[in-house]
Amino acid sequence: MSEPMTDKQMEVLLNLIADKFSYCKTMEEVKKVIDELRQMAK
């Protein structure tokens, strides 16, 4: 059974994602980050 995320866990996750996207300069880099995030979610 999975428990709902706490606000702090959600904040950490969103900050991690925002940091990854902050380095993207092209749509190709954005697509790469999206693929990486999807792989992490598996």
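The paragraphs below set out a description of the structure included in this document. Computed from a prediction, not measured in an experiment: that's the story for all the values here. (Residues numbered from 1 in each chain as written. Predicted model: local features only at pLDDT ≥ 70, side-chain atom pairs only at ≥ 80, totals over all residues. Heavy atoms only, no water.)

A short note on the environment of Phe 21
Point 1. Mapped onto the elements, Phe 21 comes out in helix H1 (residues 7-22).
Point 2. If we skip the residues at most four places from it in the chain, Phe 21 touches Val 30, Val 33, Ile 34 and Leu 37. (Helix = DSSP H or I, 4+ residues; strand = E, 2+ residues; numbered from the N terminus. Contact = heavy atoms within 4.5 Å.)

Remarks on the pattern of salt bridges
Point 1. Counted according to the given criterion, the structure contains two salt bridges.
Point 2. In this structure, Lys 20 and Glu 36 form a salt bridge, with 2.8 Å as the shortest nitrogen-oxygen distance. With a gap of 16 residues between them, Lys 20 in helix H1 and Glu 36 in helix H2 (residues 27-41) connect regions that are remote in the sequence.
Point 3. Exposure remark for Lys 20: the relative accessible area of 27% places this residue in the partly exposed category.
Point 4. Using a relative accessible area of 31% as the deciding quantity, one classes Glu 36 as partly exposed.
Point 5. The residue Lys 31 makes a salt bridge to Glu 28 at a minimum N-O spacing of 3.7 Å. (Salt bridge = Lys/Arg side-chain N within 4 Å of Asp/Glu carboxyl O. Buried < 20%, exposed > 50% of the residue type's maximum accessible area, 1.4 Å probe, protein only.)

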